[in-house]
Amino acid sequence: LLELQLPEGMCKVITPGYDRAEERGCQLSLTFFFPMEKVHSVIEREGVICDLRKPNVMRIAPCPLYNSYCDVFDFVQILKKAIEDCKDGI
(Lines give C-alpha, C1' and ligand atoms only; values in the text may rest on other atoms or scores of the structure.)
Protein backbone atom coordinates (compact mmCIF):
# COMPACT_ATOMS: atom_id res chain seq x y z
CA LEU A 1 0.00 0.00 0.00
CA LEU A 2 2.79 2.43 0.89
CA GLU A 3 4.70 1.77 -2.30
CA LEU A 4 1.55 2.43 -4.34
CA GLN A 5 0.48 5.57 -2.49
CA LEU A 6 3.59 7.50 -1.51
CA PRO A 7 5.38 9.94 -3.83
CA GLU A 8 8.27 8.24 -5.60
CA GLY A 9 11.80 8.97 -4.41
CA MET A 10 10.79 10.43 -1.04
CA CYS A 11 11.13 7.36 1.17
CA LYS A 12 11.53 3.61 0.95
CA VAL A 13 10.23 0.68 3.00
CA ILE A 14 13.22 -1.12 4.50
CA THR A 15 11.26 -3.70 6.49
CA PRO A 16 11.76 -7.18 4.99
CA GLY A 17 9.10 -8.06 2.41
CA TYR A 18 6.69 -10.98 2.25
CA ASP A 19 9.40 -13.15 0.75
CA ARG A 20 11.31 -12.85 4.06
CA ALA A 21 8.36 -13.10 6.46
CA GLU A 22 10.39 -14.97 9.07
CA GLU A 23 12.51 -11.80 9.53
CA ARG A 24 9.51 -9.52 10.09
CA GLY A 25 7.51 -8.36 13.03
CA CYS A 26 4.72 -5.80 13.06
CA GLN A 27 7.12 -2.86 12.90
CA LEU A 28 7.39 -0.92 9.66
CA SER A 29 10.63 0.95 9.00
CA LEU A 30 10.92 3.69 6.38
CA THR A 31 14.09 5.41 5.28
CA PHE A 32 13.70 8.98 4.09
CA PHE A 33 15.71 10.70 1.36
CA PHE A 34 15.10 14.17 2.83
CA PRO A 35 14.93 15.48 6.41
CA MET A 36 12.12 13.55 8.08
CA GLU A 37 11.66 15.69 11.19
CA LYS A 38 9.03 17.95 9.61
CA VAL A 39 7.05 14.94 8.34
CA HIS A 40 7.24 13.47 11.85
CA SER A 41 5.93 16.70 13.34
CA VAL A 42 3.04 16.86 10.86
CA ILE A 43 1.90 13.25 11.40
CA GLU A 44 2.23 13.61 15.18
CA ARG A 45 -0.25 16.51 15.05
CA GLU A 46 -2.62 14.08 13.28
CA GLY A 47 -2.33 11.62 16.18
CA VAL A 48 0.20 9.20 14.67
CA ILE A 49 2.78 7.96 17.17
CA CYS A 50 6.06 6.70 15.78
CA ASP A 51 9.74 7.06 16.51
CA LEU A 52 12.75 8.34 14.64
CA ARG A 53 16.14 6.71 14.34
CA LYS A 54 18.70 9.23 13.14
CA PRO A 55 19.82 9.91 10.55
CA ASN A 56 16.85 8.93 8.37
CA VAL A 57 14.64 6.07 9.64
CA MET A 58 11.08 6.36 10.92
CA ARG A 59 9.56 3.35 12.69
CA ILE A 60 5.82 2.73 12.85
CA ALA A 61 4.37 -0.23 14.75
CA PRO A 62 0.69 -0.96 14.17
CA CYS A 63 -0.65 -3.55 16.58
CA PRO A 64 -2.25 -6.43 14.68
CA LEU A 65 -4.58 -7.19 17.59
CA TYR A 66 -6.47 -3.92 17.36
CA ASN A 67 -5.39 -1.88 14.32
CA SER A 68 -7.66 -2.45 11.35
CA TYR A 69 -7.00 -2.13 7.63
CA CYS A 70 -8.84 1.20 7.82
CA ASP A 71 -6.39 2.41 10.51
CA VAL A 72 -3.46 1.46 8.29
CA PHE A 73 -5.08 3.07 5.24
CA ASP A 74 -5.70 6.27 7.22
CA PHE A 75 -2.05 6.31 8.34
CA VAL A 76 -0.87 5.98 4.72
CA GLN A 77 -3.08 8.90 3.68
CA ILE A 78 -1.76 11.04 6.57
CA LEU A 79 1.84 10.16 5.71
CA LYS A 80 1.27 10.79 2.00
CA LYS A 81 -0.16 14.26 2.64
CA ALA A 82 2.63 15.10 5.10
CA ILE A 83 5.33 14.08 2.60
CA GLU A 84 3.67 16.01 -0.23
CA ASP A 85 3.34 19.11 1.97
CA CYS A 86 6.94 18.86 3.22
CA LYS A 87 8.63 18.02 -0.09
CA ASP A 88 7.73 21.44 -1.47
CA GLY A 89 10.08 22.95 1.09
CA ILE A 90 13.06 20.80 0.05
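Let me begin by describing the structure that accompanies this report. Source: prediction; values computed, not measured.

1. Some remarks on the nonpolar core
Here is step 1: Core analysis: the biggest nonpolar cluster contains 22 residues, and Phe32, Val39, Ile43, Leu79 and Ile83 have the highest contact counts within it.
Here is step 2: If you list the elements that add at least two residues to this core, you get β2 (28–32), α2 (37–45), β4 (57–60) and α3 (69–87).
Here is step 3: If you tally residues by element for this core, the top one is α3, at six residues.
Here is step 4: Residues in contact with Phe32, not counting those within four places in the same chain, are Met10, Cys11, Val39, Asn56, Met58, Leu79 and Ile83.

2. Considering the side chain of His40
Here is step 1: When you line up the elements, His40 lands in helix α2.
Here is step 2: When neighbours within four sequence positions are excluded, His40 is seen to be in contact with Cys50, Leu52 and Met58.

3. A look at unusual backbone geometry
Here is step 1: A cis amide bond links Lys54 to the next residue, Pro55, at an omega of 10°.
Here is step 2: For Pro55, the location among the structural elements is in the loop between β3 (51–53) and β4.

4. Quick notes on the environment of Lys80
Here is step 1: Tracing the backbone shows Lys80 in helix α3.
Here is step 2: Accessibility expressed as a relative area gives 22% for Lys80, which makes it partly exposed.
Here is step 3: In the structure, Lys80 is positioned 37 residues away from Ile43 in sequence and 9.7 Å away in space, judged by C-alpha atoms.
Here is step 4: Setting aside residues no more than four positions away along its own chain, Lys80 makes contact with Gln5, Leu6 and Pro7.

5. Comments concerning the pairing of β2
Here is step 1: The buried fraction of β2 amounts to five of the five residues, a majority that puts the element mostly inside the structure.
Here is step 2: Alternating residues of β2 divide into Leu28, Leu30 and Phe32 and Ser29 and Thr31, and every residue in both groups is buried.
Here is step 3: For strand β1 (residues 11–13) and β2, the ladder comprises three bridges, and the chain directions are antiparallel. Bridge pairing links Val13 to Leu30 in β2.

6. Quick word on the pattern of salt bridges
Here is step 1: In the structure shown here, the tally under the stated rule is four salt bridges.
Here is step 2: When the shortest N-O distance is used, the salt bridge between Arg53 and Asp51 registers 3.1 Å.
Here is step 3: Judged by its relative accessible area of 41%, Arg53 falls in the partly exposed class.
Here is step 4: A salt bridge links Lys81 to Asp85; the nearest nitrogen and oxygen atoms lie 2.8 Å apart.

The rules behind the values
Residues numbered from 1 in each chain as written. Predicted model: local features only at pLDDT ≥ 70, side-chain atom pairs only at ≥ 80, totals over all residues. Heavy atoms only, no water. Core = buried A, V, L, I, M, F, W, Y, C linked by side-chain atoms within 4.5 Å. Buried < 20%, exposed > 50% of the residue type's maximum accessible area, 1.4 Å probe, protein only. Helix = DSSP H or I, 4+ residues; strand = E, 2+ residues; numbered from the N terminus. Contact = heavy atoms within 4.5 Å. Pairing = 2+ DSSP bridges. Salt bridge = Lys/Arg side-chain N within 4 Å of Asp/Glu carboxyl O.

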